[in-house]
Amino acid sequence: MSWKPSSRITTVSRLWRTLAFRLTAGYALAGLFLVTIAIVSLYLVLESELDKSTDLFLADKVHVLRTMLQERPDDVDALREEIELESAARQYERFYIRLLDDQNTPVLTTPGMADQLDLAQLAGKTKNHSERTIRIKGSNGHAFRVTSALAQVGLSATHTDTVQIAIDVSQKEELLARYRFWFWVILLGAFAIFPLIGYQIARHGIRPVEEMATTARHISSSNLKERIRPEGYPSELASLAGTFNEMLDRLQESFERISRFSADIAHDLRTPVNNIRGEAEVALARARTSGEYRDVIESCLEEAVRLSDLIGDLLFLARAESPLSYLRRERVDVGELLDQVREYYEASAVDGEVSLTAAVASEPVVAELDRTLLQRAVGNLVANALAHTPPGGTVVLSANADVSTVHIEVSDTGIGIPAEALPRVFDRFFRVDSARSHGSGGTGLGLAIVKSIAQLHGGNVEIVSPPGHGTQVTLQMPVLPARQPTM
């Protein structure tokens, strides 16, 4: 079955999309280009040097003949030896000379010159090109370089003769032809060898990439422990491998966090559902008075409220992590807001015998913030502080600002947080004291929500808690929202 043109095009297209093919093609083309440039340059240099040596030889002969005609015009034997005999002694690169008087009548001519050259053509070619070298073809097809020059006869320059010189350069032409032949041989050999060498270089170069791809294929949600070993890789690929490993570390941490989060969600949702189910089953086990049914309904309602709050917190965190989340910013007097939060939690503080105060700077602290979210964040911090401050303790709300940042602090004189628990207090469902948190109705999402609200505003949250000396949580919010880049 023969290939159709479309099949060939598809195959070439697939090959071109491979990195090995592109690198091989690049290496081969670059190598061929360099070899071609080198050979052509050497050829041109060789041709120029051969022409230059021939031109120098012709110029030297013209100089010798001019000197003889000027200084020894009557020495016919010397002229005959120079013109008729010296060329005959050469086997290769023979030259021919013709001496013409001022009437263009031949005086001396190298034997055989008329057989090798068309003398009329020679005279016509050199007539208007005195002392310039010209290339012509001889009668037998040999290549010649010829020149013509005027020479004064005698010291008194009684008249002027014409010297015509032709040198056979067919040997040099054959040398250049052999050079061109080997040029094509070398070029064809390079055309065959360079792709093979380029392919080996490309395969060796992309082997680390293939190893990375093999490692990546082994990675799945259930196997995130695979890592790339960058030892022996080039620095660029070693950096890429390190970045890839860091990404895998982050993914593994994220998956582990999601796994813990899912388990915590299942546990925290199951507890109130099981409580509601248990209460209902006990109530229906036998006939009860209306008061007993009322107690059961009240208990189920408390669990339902707790379940609703938990679901609401989870939905808020999900929306806060969405890139489409936005804030309803407005000018907020932070001191006034803290005073409102203090009033709201005043009753709870009195019940717990805890002093709750708000200390605000004399100058108004104003910032562009989302009032509702900020109230929720500060409220979570106050509720958490009241829940962990024993009777007789104090909880203080304070705020101050510098040029760019608002600092909101909630500090208490409670039992504090163990040092090993501090790095995780903002994780979802994390509880320092799980039993007490469940008993107080906590879900372990309060501080996670506080952190999300701070990050939504472009700020952050910090916590300091020396064991046994209370806890201080600081919200840091920008005074003005970050300027969005214009399109």
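Model, not experiment: these values are computed from the prediction.

Over its 18 residues, helix H9 (residues 334-351) extends 26 Å from the first C-alpha to the last, a length consistent with the 26 Å expected when each residue adds 1.5 Å. Where H9 bends most, at Tyr345, the angle is about 50°. Among the residues of H9, Val334, Gly335, Leu337, Leu338, Val341, Arg342, Tyr345 and Ala349 are the ones counted as buried. Structurally, H9 contributes buried residues whose contacts are with strand E6 (329-333), strand E7 (355-360), strand E8 (366-370), helix H10 (371-387), strand E9 (394-401) and strand E10 (405-412).

Ranked by size, the top nonpolar core spans 47 residues in total, and within it Val378, Val382, Leu397, Ile408 and Leu475 carry the most contacts. No other element matches the 8 residues that H10 contributes to this core. In this structure, this core is formed jointly by two domains, domain 2 (235-319) and domain 3 (327-478), each of which donates at least three residues. Excluding anything up to four places from it in sequence, Val382 contacts Val341, Tyr345, Leu356, Leu397 and Val410.

Attention now goes to the pattern of salt bridges. Summed over all chains, the structure comprises 13 salt bridges. A salt bridge links Asp75 to Arg72; the shortest N-O distance between them is 3.3 Å. Asp77 is the partner of Arg80 in a salt bridge, and the nearest nitrogen-oxygen pair spans 3.7 Å. Note that Arg80 and Asp77 are positioned in helix H3 (residues 76-85) at a spacing of 3 residues, about one turn of the helix. Counted as one network, the salt bridges with shared partners bring together Asp51, Asp55, Arg135, Arg145 and Glu173.

A separate point is the sheet that holds E10. Taken in spatial order, the 5 strands make up an open sheet running E7-E9-E10-E12-E11, and their pairing is mixed. The sheet is open, and its two edges are formed by E7 and strand E11 (460-464), each paired on a single side. Mean inter-strand twist for the sheet, computed between neighbouring axes without regard to direction, equals 15°. Against the sheet, H9 touches E7, E9 and E10, its axis set at about 175° to E7.

Conventions used here
- Residues numbered from 1 in each chain as written.
- Predicted model: local features only at pLDDT ≥ 70, side-chain atom pairs only at ≥ 80, totals over all residues.
- Heavy atoms only, no water.
- Helix = DSSP H or I, 4+ residues; strand = E, 2+ residues; numbered from the N terminus.
- Expected span 1.5 Å × (residues − 1).
- Bend = angle between axes of the 7 residues up to and from the residue.
- Buried < 20%, exposed > 50% of the residue type's maximum accessible area, 1.4 Å probe, protein only.
- Contact = heavy atoms within 4.5 Å.
- Core = buried A, V, L, I, M, F, W, Y, C linked by side-chain atoms within 4.5 Å.
- Domains from an automatic or database assignment.
- Salt bridge = Lys/Arg side-chain N within 4 Å of Asp/Glu carboxyl O.
- Pairing = 2+ DSSP bridges.
- Axes fitted to C-alpha atoms, helices over the stretch in contact; angles between N-to-C directions.

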